Amino acid sequence: MLFDQINRELELTERHLLVLKKVIEKGPIGILKLAEETGMPTHKVRYSLRVLEQEHLIKPSSHGATAGDLAEDFIGKFEDNIGNILEKLTQIRQIGFKF
């Protein structure tokens, strides 16, 4: 379906954001503790950590993941980014299909 890909991306983004939040709140934190804290399997946590590291939102340390160089900027822009997404959803909803 047309919306399946969007839903998958939103679920993946939600997972990454949950992992990022835990790293910021409790870092340094390792994969096993993150899995426990988030209720996610370790392989999903590991993937999210890899994505977040590539985005410079987290960085690895010998004691676990910590907030990365761009985490503070990301947090500062979070509400604006969510607002932009909600605005786009409103525009899509206004297309409106009625039969």
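Residues numbered from 1 in each chain as written. Predicted model: local features only at pLDDT ≥ 70, side-chain atom pairs only at ≥ 80, totals over all residues. Heavy atoms only, no water.

A. Examining the nonpolar core more closely. The biggest cluster of nonpolar side chains holds 13 residues, and the ones touching the most others in it are V19, V23, L34, V45, L49, L52 and I58. If you list the elements that add at least two residues to this core, you get helix 1 (4–26), helix 2 (31–38) and helix 3 (42–54). Not counting the four nearest positions on each side in its chain, L34 is found in contact with V19, K22, V23, I29, G39, V45 and L49. (Core = buried A, V, L, I, M, F, W, Y, C linked by side-chain atoms within 4.5 Å. Buried < 20%, exposed > 50% of the residue type's maximum accessible area, 1.4 Å probe, protein only. Helix = DSSP H or I, 4+ residues; strand = E, 2+ residues; numbered from the N terminus. Contact = heavy atoms within 4.5 Å.)

B. Just the pattern of salt bridges, in detail. Applying the stated criterion across every chain, the model contains seven salt bridges. Among the salt bridges present, the one from K21 reaches E25, with a minimum N-O distance of 3.8 Å. Note that K21 and E25 are positioned in helix 1 at a spacing of four residues, about one turn of the helix. Across the pair K33 and E37 runs a salt bridge, and its minimum N-O distance is 3.7 Å. Pair noted here: K33 and E37 are both in helix 2, with a separation of four residues, about one helical turn. A residue is classified by how much of its surface remains accessible, and E37, at 25% relative accessible area, is partly exposed. Look at the salt bridges and you will find they share partners, linking K22, K26, K33, E36 and E37 into a network. (Salt bridge = Lys/Arg side-chain N within 4 Å of Asp/Glu carboxyl O.)

C. Spotlight on unusual backbone geometry. In this model, G27 is joined to P28 through a cis peptide bond whose omega is 0 degrees. Considering the arrangement of structural elements, one finds P28 in the loop between helix 1 and helix 2. Residues other than glycine seldom take positive phi values, yet H56 does so here, at roughly 65 degrees. Summarising the element assignment, H56 is placed in the loop between helix 3 and strand 1 (58–59).

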